[in-house]
Amino acid sequence: MAETEVYRPKHAVRFVTASSLFDGHDASINIMRRILQASGAEVIHLGHNRSAREIVQAAIQEDVQGIAVSSYQGGHLEFFKYMYDLL
Amino acid sequence: MKELHDYGIARIFSPEDGRKLGLQGMINMMLRECDHPTVTEADFAKEAGRLSEGRISSVARLISYAENHLNHQEALAALESAIPAVKKAPVVGITGTGGAGKSSLTDELIRRFLHDHPESKIAVLSVDPTKQKTGGALLGDRIRMNAIFHPNVFMRSLATRASRSELSLAIHDAIRIVKAAGFDLILIETSGIGQGDAEITNVSDVAMYVMTSEFGAPSQLEKLI
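What you see is a predicted model; the values in this text were computed from it and never measured. (Residues numbered from 1 in each chain as written. Chains lettered and ligands numbered in written order. Predicted model: local features only at pLDDT ≥ 70, side-chain atom pairs only at ≥ 80, totals over all residues. Heavy atoms only, no water.)

**A closer look at the side chain of Gln37 of chain A**
Within the secondary structure layout, Gln37 of chain A lies in helix H1 (residues 27-38). If we ignore the near neighbours within four places in the chain, the residues touching Gln37 of chain A are Val43 of chain A together with Thr134, Gly136, Ala137 and Leu138 of chain B. (Helix = DSSP H or I, 4+ residues; strand = E, 2+ residues; numbered from the N terminus. Contact = heavy atoms within 4.5 Å.)

**Notes on the packing of aromatic side chains**
Residues and elements named next belong to chain B. Taken as a whole and judged by the stated rule, the model has one aromatic pair over all chains. Here the aromatic rings of Phe154 and Phe183 are separated by 6.0 Å at their centres, their planes lie at 40°, and the arrangement is tilted. Of this pair, Phe154 sits in strand E4 (residues 153-159) while Phe183 is found in the loop between helix H7 (171-180) and strand E5 (185-191), placing the two residues 29 residues apart along the sequence. The residues Phe154 and Phe183 share a single accessibility class, namely buried. (Phe/Tyr/Trp six-rings, centres within 6.5 Å; stacked < 30°, edge-to-face > 60°. Buried < 20%, exposed > 50% of the residue type's maximum accessible area, 1.4 Å probe, protein only.)

**Observations regarding the nonpolar core**
Grouped together as the largest cluster of nonpolar side chains are 34 residues, with contacts concentrated most on Ile63, Ile171 and Ile188 of chain B. Elements supplying a minimum of two residues to this core: helix H4 (56-68), helix H5 (73-82), strand E2 (122-128), E4, H7, E5 and helix H8 (200-203) of chain B. Beyond its immediate sequence surroundings of up to four residues, Ile188 of chain B is in contact with Val91, Val92, Gly93, Ile94, Leu125, Leu167, Ile171, Ile175, Ile200 and Val203 of chain B. Core analysis: the second largest hydrophobic core is formed by 20 residues, Val16, Leu46, Ile55 and Val69 of chain A among them. (Core = buried A, V, L, I, M, F, W, Y, C linked by side-chain atoms within 4.5 Å.)

**A closer look at the sheet that holds strand E6 (residues 206-210) of chain B**
Residue and element names in this part refer to chain B. The five strands lie next to each other as E4-E2-E5-E1-E6, forming an open sheet whose pairing is parallel. Edge positions in the sheet fall to E4 and E6, since each has one partner strand and no second. Between one strand and the next, the sheet's axes are offset by a mean angle of 20°, whatever the strand orientation. Judged from the six bridges that link them, strand E1 (residues 91-96) and E5 form a sheet pairing that is parallel. Counted as the bridge partner of Gly93 is Ile188 from E5. (Pairing = 2+ DSSP bridges. Axes fitted to C-alpha atoms, helices over the stretch in contact; angles between N-to-C directions.)

**A closer look at the interface of chain B and chain A**
Tallying the contact residues gives 49 residues for chain B and 50 residues for chain A. Carbon and sulfur atoms make up 59% of the surface buried where chain B meets chain A, a total of about 4300 Å² over both sides. The largest share of the area that chain B buries against chain A comes from Tyr7, Leu31 and Asp35 of chain B, three residues that together contribute 15% of it. Counting every contact that joins chain B to chain A gives four salt bridges. As a salt-bridge pair, Glu62 of chain A and Arg156 of chain B come within 3.9 Å of each other at their nearest N and O atoms. Run the count over chain B and chain A and you get 19 residue pairs in polar contact (both at pLDDT 80 or more). (Buried area = accessible area lost by both parts, 1.4 Å probe. Salt bridge = Lys/Arg side-chain N within 4 Å of Asp/Glu carboxyl O. Polar contact = N/O pair within 3.5 Å; in protein donor to acceptor, adjacent residues only side chain to side chain.)

This is the structure:
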């Protein structure tokens, strides 16, 4: 069943959000990050067209708990695996 | 999707998930999964020990530690004793109203500084306001920066959280941490009007006020930091 109650995290939760490389579709990640912000998370938004390296570097420097990436341009299998390996 | 989940990716959301969970449901799931501290008291000693090596992940985690333990006097005291006040790295503060061009200016400064001094290491601490109602924040300075992808640059975005000023309460600790990690230049960026209680002047050696060319009374400029 769809939840409408907002989950309020106990700890300070930080996220890096981005759209993957060569991808300019960022409507979805903008919506998701706004809900994340409204639910109490600190969001470091990197925008569109971000490479796996840039996202991972940001994630490490910003010491986030989660990375949220929107991928509409295809190639997500490789992209997500590559990010995972870089971390 | 299964392939990615098996590989270790926490979750790939499909349109089906969207229909079943709803938007807030998906966000809630993400938040639940991430609702844990990145560094605990147990890790603290280890990370503090790695600081002199200049390990970026240690710098990042120690700053988080400082942010999360602002109310714990013992933890703060331990942080202070573990991190010696070293190096005389200059701290430059950059403030100004939203959209004035602070991040763009910071970015350009970094690029040029590295061009002239390619061996130097630069740390950027960027502060953005927390929305008091939700507790969330959009730390939107990083998106503006292009020069920070250089291996000698470390950038960290901070939210103001409970502080009633334009800076995070952890900023002093954060500055100590990056100084101890061996950075040669520290830039602090935050939004502010530069008048009255500009806290940025307390933490920086040199403060800069960035503004657009349109303004009303020239006498306002006299009040600036």
